[in-house]
Each structure stands twice: as structure tokens, then as C-alpha cells.
Amino acid sequence: MTEVTPIGQLLGVWIAAGLTLLIFSFIYKDNPAFKFAEALFLGVSLGYTAVNTYWNSIAPQVIRPLTPGVNFDAWVLLPVFLGLCIILRVIPSLSWLSRMAFAVYIAGYAGMAIPNEISGRLLPQVGSTMAPFTAATWYITPVILLGVFCTMMYFFFSLEHKGAVGRISRIGVVFVMISFGASFGYTVMARVSLLIGRMQFLFFDWLGLPN
Amino acid sequence: MRSLDLTNTRFCLTALLLLSLVCVLAPHPARAQSPSNPEVTDHPNDDGSAVILSFGLAGDELLELMPQVQIEGVWHDTETAPVLLSSLDKRSDHPEIYGWGVTDGNAELRPDDYYVPISKYVTVGEDGEPSVVPVSPELGEFAVRLVVDPAGRAESHPAGSVQATGQLFNRNMSFRVLLAFLFAGIIMYFILAARRNPNIFIRRIAGLEAVDEAIGRATEMGKPVLHINGLDSLATLSTVAAVNILGRIAGKVATYESDLLVPCFDPVVMTVSQEVVKNAYIEAGRPDNYREDNIYFLTDQQFSYTASVCGIMLREKPAANFLLGYFYAESLLLAETGNTTGAIQIAGTDAQAQLPFFITTCDYTLIGEELYAASAYLSREPMLLGSLRGQDLAKAFVMVMIFLGTLLSTFGSEWLSRLWTPL
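Residues numbered from 1 in each chain as written. Chains lettered and ligands numbered in written order. Predicted model: local features only at pLDDT ≥ 70, side-chain atom pairs only at ≥ 80, totals over all residues.

A.B. asks: Quick question: what am I supposed to make of the interface of chain B and chain A here?
C.D. replies: At the junction of the two partners, chain B supplies 49 residues and chain A supplies 46 residues. Secondary-structure elements contributing two or more residues to the side of chain B that touches chain A are α4 (174-196), α6 (237-256), α7 (267-283), α8 (302-316), α10 (355-361), α11 (369-379), α12 (382-410) and α13 (415-419) of chain B. Element by element, the count of residues in the side of chain B that touches chain A is highest for α12 of chain B, at 12 residues. Per-class residue counts for the side of chain B that touches chain A are 28 nonpolar, 13 polar and 8 charged. (Contact = placed C-beta atoms within 7 Å. Helix = DSSP H or I, 4+ residues; strand = E, 2+ residues; numbered from the N terminus. Nonpolar A, V, L, I, M, F, W, Y, C, P; charged D, E, K, R; others polar.)

A.B. asks: Explain the nonpolar core to me, please; I cannot follow it from the model alone.
C.D. replies: The tendency in soluble globular proteins is for nonpolar side chains to be buried side by side. Residues and elements named next belong to chain B. Within the largest apolar cluster, 84 residues are counted, with the highest numbers of intra-cluster contacts made by Leu-246, Ala-250, Val-277, Ala-320, Leu-323 and Ala-374. The leading source of residues in this core is α6, at 10 residues. Among all residues touching Leu-246, those that are not within four sequence positions of it are His-227, Asn-229, Val-262, Ser-273, Val-276 and Val-277. Grouped together as the second largest cluster of nonpolar side chains are 14 residues, Ile-97, Ile-118, Val-144 and Leu-146 included. (Core = buried A, V, L, I, M, F, W, Y, C linked by C-beta atoms within 7 Å. Buried ≥ 20, exposed ≤ 12 C-beta atoms within 10 Å, placed from the backbone.)

A.B. asks: Looking at this structure, how should I read the packing of α4 of chain B against α12 of chain B?
C.D. replies: The description of two helices packed together rests on the angle between their axes and the distance between the axes. All names here are of chain B. One can describe the packing of α4 onto α12 by two numbers: an axis separation of 7 Å at closest approach and a directional angle of 140°. Taken together, the axes of α4 and α12 are oblique relative to one another. Pair α4 / α12 crosses with right-handed handedness. Mapping the contact onto sequence places Phe-183, Ile-186, Ile-187, Tyr-189, Phe-190, Ile-191, Ala-193, Ala-194 and Arg-195 in α4 and Pro-382, Met-383, Leu-385, Gly-386, Ser-387, Arg-389, Gly-390, Gln-391, Leu-393 and Ala-394 in α12. When grouped by side-chain class, the residues that make up the contact of α4 with α12 number 13 nonpolar, 4 polar and 2 charged. (Axes fitted to C-alpha atoms, helices over the stretch in contact; angles between N-to-C directions. Parallel < 35°, antiparallel > 145°, perpendicular 65-115°, else oblique. Left-handed = near helix turned anticlockwise from the far one by under 90°.)

A.B. asks: Got a minute to help me understand helix α9 (residues 331-340) of chain B in this structure?
C.D. replies: Residue and element names in this part refer to chain B. Inspection of α9 places Ser-331, Leu-332, Leu-334, Ala-335, Thr-337 and Gly-338 among the buried residues, and these make up the whole buried set. Buried positions along α9 lie against α8, β16 (320-326), β17 (344-349) and α10. Gly-342, located one to two residues past α9, shows a positive phi value of around 80°.

Here it is in C-alpha cells:
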């Protein structure tokens, strides 16, 4: 691992601070400084993605298993073929082959996602809602039940939201909005802490103000 | 002389007494007790890559000794190196292995409360080097014993031996399979019903009513429509829903002869989006207006993508922004920038943490499942309509289950709530 020299560290702090200010200039309006930082950010991230994809995906999962030797794995040819089908989109007469790869990709992921949704969301949420009325929970269990019922009623699409259904779903919307309000406040606090972190970097690491 | 001897004797006796007192009163290291009832069994509902060693601990003091407890095992006539136990699981915390019958041992430690799953063990080769070997059905039987305090060798009885076997079906998943078949059956039935009679009612979804208005406004102003498919891959259901809606939006954009920009976060989503938009233009009878270059990949790094899309919003000034799919922390940055440009914004996501930001900054927001319902609402295709009706019935089923489960739990029967607890 290469050691960072003090000059290198100083240069890094100045570049980071400069780019932070260039991005912050967007608060005023779109300007050439922001455009420069944006283009640099995009270019660096694309370069990073390209290198990352090669070393973490293509080399270990394609090249290594297809190199003759102890680790040779002929099964890898199947996804490689499907990948090549996607690349063939650039040849109009063969572009139809890409649909085959997409069908496998989407169907495979849907097959993985549906059981995960049942196990990860549906079952735990329903199981946790079935809480008994006890002396300790008598006041909260009915509120949770009411919230769940009314909110689910809001997400009924084949019923017109009029009359009783309309009134119940409106109560559901109130529950949803209360939860969004709480989530909003929580997330804004997290964002403010990110801003504080950046300001601390500018004031203490860059400008060297006493901490 | 004599008096001196007496003094010495008294001194020695006093010292002996004090020493005895110190020995009695000094804290003893916990006595090494051997774990009781050790038993080695096959790990149920697995692929044959683990066995379970269960045993009891007599008291709390033995828990303190855990760092000194070792497993010694024999695997297929090969002595394995002792493995130090670093953690223990309680049987009552793992109904997926021991069922719901095991009560919580917190109040009173039972002799068979603890267990440790063994999926790997250590052998020492002829060269003296230890190597980690995974448990495998091919390797024969595994016999183990526990040793507490290796110096004092407080050993348990041999735990017996077991052959690791793999099971074809995980019985813990039975209820999930049943639910999947039940819901699939309901949805299939309603799809078939919708094919016979496609006039299925769907309630008004405000955000989708505004799609025509937003695209019409963009056309009148001569500005493009911007569509973002979220920041996830096609493995996310909301991305699939967003791409479906993109097809409907592209069809209307093609009809109005407006421009559509789709900067993508994922290369596969980009390729599918190109295909979907191309088909929409062909179906609208405007294949010549389709521009593949307008659906492009930016980057798959979250904030560089966000900075770039914000730049597009400010420079191209789209009149309508569609932010549909799965979003993360960038949701507010995108929606706020779009808001400052004066565009009509229609957002939709099932990312609960991001919905509040869309609600506060966008003109219309599709909340959670409304995003999935949107493509059925826009297309009126029998298959999508039928599946939406089927999902409603499945929701009604879940509501009834919640009501019954709560009622039964209140009266002391836990079987329904346990049925809905994933193992």
C-alpha cells in the first residue's frame, strides 16, 4: 500500500474542498464551475465502474472460470452467451436475440424476488400485526389494527372510494401521512448531519480552524 | 529457648490459620462442570452441510467458562482438532430447528437448552498444519464430545455419532409455498375472468390522470419529457413497474410528437427501456420519431448520476418530469431541482423513506402499490386488470387472517400467528 505523503494529503484536502465548493455553487444557479465538477464526477465514476466491473465481475466470473485449468467451469458459457446476445443489439438483424437474454434475466429475478417478498415482508408484517390484546398493549393494539385495516382499504383498487369505503380509506391516508411525517423528520435530521460533516471538513480539515 | 519455641509455634499456627482463611475466602475459579446430555443430530431442512451439537449447561457459571469450552470431534475416523466455542444459541430461539414446543429457558435453565450448529471443523494433516473442512454428507459420520477447561479435562459423555444428510424440501417453507400457490391461483382466475370481460372497474388514481396533461403541456411548450426509472436494477419490482409505465408514457409522447429523455442508472434497464420505447413508438405509428440516443446510460454511481440529472433538468428544462421506480437519498435532490425548473412532476416509488420527499416536492405522487397499479390503469390490458383484481382479493384474505390471528392470540392460541412467522 502506497503511503500518503503530507504534501499529497494536503493536496487531497484542497482538491476535495475545491470540488465541494464547486458543487455548492449550484445553490446559486447552474454555472461553468458546477458543470466542470459534474462532468469530472461523472467521468471519474464511470472510470471507477469500468475498472470495478472488470476486476470484480468479468475477471473472476468469466475469464478465470473459462481459462483451461483446475477452475475451468463450462457452465459459465451459458450466461456469457446470454450476455453476448445483449451486445448483439448493435446488429439490427440479430437484435432480436437480446430479448431472449432479457426474458431469462427478468424471469429469473422475478422468481427470486417473489419468495423473498413473501418471506421478508408479507409474513413478518402480518405475523407481527397479530398481537394479542393484553393489559400492557390494550391501548396500542387497536390503533395498529385500525391503521393496518384502513391503510389496506386505501390500496384496494377495484373498489370505488365512496361512502364507507371512502371514509375508511381517508382514515388510512391519515395514518400513512403520520408515518411519512415521522419519516420525513427523521431523514431530514440525517441529512443535516451530513451537511454538518461537510462543513466540519471545510472549517477544520481545510481551513484549519480550531476544533 | 523454650519460650522462643513457643512463640515460633504460635507464630506458625497463626500464619497457618490466616493462610487457611485466605484460601477459603479467596474467590475460586469456577469449577469446570461438564455439559450434560450432549447429543449430535443432523441439521434438519438443509442441504446436508451441517450437524447440530446440543447440550445443557448446569448453571450461569458455566456460561462464563464458555471461552474455555472446546468441541472435540471425530469425523470418519479422523481426529479433528479441538474447536473453541465462541458463542451459543438457545434452542428456544430457533423454532425452525426445534419447533415451537421448546419454551424459553431464560427463567430456568434446562439441561438441553443450548446447541451449536457445526458446518465446518478443523483437522490437522500429516504435516501438522490445521485445515478447515466443511461438513459434507459424503464424509461419513461425525462423533463429538465437549471438553470444558482443557487443563482439567472436564469432559462430557460422547455425544454419539450422526450422518449429515440433505433434504429435498425445506418443510419450514411449506406455508410460503401454499400462500404462493393460493395467491397465484386467485390472480390466474381473475386474469381469465378479465379476458372474458375486460370492463373491470379501477378507482381513479390522481397522479395518472395528470399524465396526459403533463405530456400535453410539454408539447405545447416545445420542451422534452424526462423519465427516470429509479436507481435500481430490473431485479426490483418497482423498476419493472416503472419501465412498464415508461412504455405507456412513450406511446403518448410519440402521439403528441414530443421529445422523451430517459437517462439511465443501470445499463440493463437502459437496454430494456430502449426496446420498450421503440415498441411504443412503433405502436403509435411514429417509428421515424424514435431516437435511441435519447435513452442513454449515465453512470451507476448514485450521486454522480444525481448531479448529472440535475444538470439535465437545468439545461434541457423538461416541462414534465416522471420520477418512477426505486429511489434512495437522491430523491429530494432530483425532485427539488425539478421543482425549481417549474416542471410538472409525477413521482412514484415503493421506497417508504423517500415517499415523504416526493409528496412535498412533486405535483402528484404514486404511493407504493399505486405504482404497480399504474400500468394496469394506463393500459387497460385484461391481464394486468385481472391481476390487480386478484391482488385486491389477496389483500382481503390477509385482512381476514390478521383479524382471526389477533382474536386467537388474545384467547391464548398462537398457532395462526406462528403460521405467519417466517422460519
